[in-house]
Every structure is written in C-alpha cells, then in structure tokens.
Amino acid sequence: MKKMLKWTLALLAMVVLGACGSSNESTGKSASNTSDSQTKTAGKLAAIQEKGVIKVGTSADFPPFEFHTLVAGKDQIVGADVDMVNAIAEELGVKVEWSDTDFDTMLASLQAGNVDIGVSGISATDERKENMLFTDNYYVPKQNVVIKKTDMDKYTEIADFKGKKVGAQKGSIQEGVVQAQFTDSQLVAIAKIPSLVMEVKSGSLDALVLEDKIAASYVAQNEDLVIADVEVTSTDDESYSIALPKGSEDLQEELNSILKKLIEEGKIAEFVEKNEALANEKAK
Ligand code: ARG
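All of the points below concern the structure found in this document. (Residues numbered from 1 in each chain as written. Predicted model: local features only at pLDDT ≥ 70, side-chain atom pairs only at ≥ 80, totals over all residues. Heavy atoms only, no water.)

**Notes on the overall build of the chain**
No. 1: Secondary structure summary: the chain contains 11 helices and 13 strands in total.
No. 2: For the chain, buried positions account for 43% of its 284 residues.
No. 3: Long-range contacts, defined as pairs at least 24 residues apart, comprise 73% of the intrachain contacts of the chain with a sequence gap of at least 6.
No. 4: In the form shown here, the chain has an accessible surface area of approximately 15,100 Å², with 52% of it arising from carbon and sulfur atoms. (Helix = DSSP H or I, 4+ residues; strand = E, 2+ residues; numbered from the N terminus. Buried < 20%, exposed > 50% of the residue type's maximum accessible area, 1.4 Å probe, protein only. Contact = heavy atoms within 4.5 Å. Areas by Shrake-Rupley, 256 points an atom, 1.4 Å probe, with all protein chains shown as cover.)

**Side note on the pattern of salt bridges**
No. 1: On inspection of all chains with the given rule, the structure shows 10 salt bridges.
No. 2: Of the charged contacts in the structure, one is a salt bridge between Lys192 and Asp100, with a shortest N-O distance of 3.8 Å. Note that Lys192 is positioned in the loop between strand S10 (186-190) and helix H8 (193-202) and Asp100 in strand S5 (residues 95-100), a separation of 92 residues in sequence.
No. 3: We classify Lys192 as partly exposed; its relative accessible area is 24%.
No. 4: In this structure, Glu270 engages Lys267 in a salt bridge whose closest nitrogen and oxygen atoms are separated by 4.0 Å. Of this pair, Glu270 and Lys267 are both found in helix H11 (residues 267-281), three residues apart, which corresponds to roughly one turn of the helix.
No. 5: Bridged by salt links that share partners, the residues Lys44, Lys51 and Asp116 form one connected network. (Salt bridge = Lys/Arg side-chain N within 4 Å of Asp/Glu carboxyl O.)

**Description of the environment of Ala220**
No. 1: Mapped onto the elements of the fold, Ala220 is located in helix H9 (residues 212-221).
No. 2: In this structure, the C-alpha to C-alpha distance between Ala220 and Ala279, residues 59 residues apart in sequence, is 8.5 Å.

**Overview of the site of the ligand**
No. 1: Around the ligand sit 17 residues, and of these Ser120, Gly121, Arg128, Gln169 and Ile173 come closest.
No. 2: A distance of 2.8 Å is found between a nitrogen atom of the ligand and a side-chain nitrogen or oxygen belonging to Asp61.
No. 3: In this structure, Gln169 approaches the ligand through a side-chain N or O atom, which is 2.7 Å from a nitrogen atom.
No. 4: Computed on the free molecule, the ligand has an accessible area of 340 Å², of which 100% lies beneath the protein chains in the complex.
No. 5: Of all elements in the fold, only strand S2 (61-62) and helix H7 (173-181) reach the threshold of two or more residues within the shell around the ligand.
No. 6: Considered class by class, the residues forming the shell around the ligand number six nonpolar, seven polar and four charged. (Near = heavy atom within 4 Å. Polar contact = N/O pair within 3.5 Å; in protein donor to acceptor, adjacent residues only side chain to side chain. Nonpolar A, V, L, I, M, F, W, Y, C, P; charged D, E, K, R; others polar.)

**Points about the environment of Glu199**
No. 1: As for its placement among the helices and strands, Glu199 is situated in helix H8.
No. 2: According to the relative accessible area criterion, Glu199 is partly exposed, its value standing at 30%.
No. 3: Beyond its immediate chain neighbours, meaning those up to four positions away, Glu199 contacts Ile190, Ser204 and Leu205.

**Here we look at the sheet that holds strand S8 (residues 143-148)**
No. 1: Read from one edge to the other, the open sheet built from five strands follows the order S10-S9-S11-S8-S12, with strand pairing classed as mixed. Two strands bound the open sheet, and with one partner strand each, they are S10 and strand S12 (225-227). Ignoring strand direction, the axes of neighbouring strands in this sheet form an average angle of 35°.
No. 2: Alignment of strand S9 (residues 165-169) against S10, held across five bridges, turns out to be parallel. Counterpart to Gln169 in the pairing with S10 is Ile190. (Pairing = 2+ DSSP bridges. Axes fitted to C-alpha atoms, helices over the stretch in contact; angles between N-to-C directions.)

**Describing the pairing of strand S1 (residues 53-58)**
No. 1: Bridge count for S1 against S5 is six bridges, and the pairing is parallel. Note on S5: the bridge partner recorded for Thr58 is Asp100.
No. 2: In this structure, S1 lies alongside strand S6 (residues 117-118), joined through two bridges in parallel fashion. Counterpart to Gly57 in the pairing with S6 is Gly118.

So, in structure tokens, the structure goes:
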C-alpha cells in the first residue's frame, strides 16, 4: 500500500514537472527557481506590452499636474503627470488610455485592478501602502490654504479658523491635514476641486487646503482668491508617486528605472514648469 502511494506521488510529480517544463519552453527560459508568486507578478509588464495599452486612472482637476483644456477646440487632459505618462508609455512602447474620475473613486478602482496605474499627484502615505504599491517619488509638494482675497487680514494663523468651515478634496491627504491641524474648524470634504473652489468664492466655505502648485494655479485663475499667509504641514508623506495595484511589482520596478532617468534628465521639472505656464495662461 505504502509502495503504491510512493509510486503515485512520483508519477504525480512527473506530470506536474512535465507540465512546468512544457510551459517554460514557449518562453525559452528556464524557470527552475521561479516561485509561483514571481511567475504571476512577472506577467504585468508583459501583459501591458502585449495589449499595447496602459490604463491610467486620474482625477483631472489638479492643475498643473492634470487638468482639462481645449486643444484645437477639443477637450483634452493635459499636465505634468500627462507628459510624464506619455514619456513612460513611449519607453514601454504602448498607448495610453485615461480614466478620469473623482479622486477617491480612482484610488478604489486602482486597488480593484481596473486600471494599471494611478497618476494623479498621489501622495505615497503609509496608510495607502497597505493597499497598493508606489514607485519612487517624483515631486515633493507643500500644503497651502486658499481663502478669499477680502479675508486676507482675517486669517493670519490657524487659530483664526476657529468655528469656520475648511474644505478638502474627498479621499485626499488634505482631509487629514484639516482634521489634525484645524482642530476647532469643521472639515467639509467634496469630491472635485472646482466645486470646493466655487464654495470658497461664494462664501459657503471659509478656506480650502490644497498643495502649493495646485493652489497657485486656482489662484491665478480666480482673481478673488489668494493663498493665506498661514503655515500648514502634513504629517503623512506628501510626495507624489505613481500608484499600482498590489501584484504589479515587475511594472513598479520598470517604472522606477524610467522615472529615475526622467528625473536625472530634468524632464519632470521641465514638465511642471511648462504646464504651470499653460494652466495660468488659460486664465487670461
Ligand atoms: N496629494 C494629495 C493626495 O494624494 C492630493 C491628490 C489629489 N489629486 C488629484 N488629481 N485631485 O491625497
């Protein structure tokens, strides 16, 4: 009986190994020490290249990184993140398919694997790292408070916002900034940044927390708004990174090496500068 079991197991092992051997033949590579999980993650980059398309999730309400503009009369998403993605896609030899949603929706759909990467000025926080992967950072922002120009003298420190309504984009780290630092204020979280901006303009919100370049762009487009002379910081890691669903380690590695090159060549800084001009020009 024991002997029979031994033979059955040996036979089974042969069948399994045989199956592995034949599937490796097609790639021409020996995978003798490739574990199952490695085989799985090694496929993400190849799958994208095979399809010829990379699906990118974003929330295009974030000038100069991603925003809508008319190019030859046609609505298009442009920005520093868009230029960066185009440079990456060129390296990978694929086309780009954008999916533009609310910021919090984008993060959820990335985790569900509905897009290949999320590029949306996404801060690589520890909390998010529990549910997704991040590349190395490509931009380090600061936090700013946007208020009405006529309120300039009213708000000179955080304490002045006591009992006031302070806005932040839903699902963004700015929600945490308001909660942690504007402890005597009421946080109002709204899905899209233009809606938050409208509320500040109309006076239904007293202030809005945004990152530096984005605050500057909205202020450039709205003469009645200004950046308050109030210092705010984030306790989370604010730096922007490309986000990926878990299990995309091979793509993450490839993106890191492309990003490294783009940063070293000064391309990212160039993209930010070019699109800042574009976003502010739009206002004139
Ligand atoms: N950096 C902030 C965060 O990751 C805000 C990002 C918002 N991005 C956008 N495209 N609206 O939470």
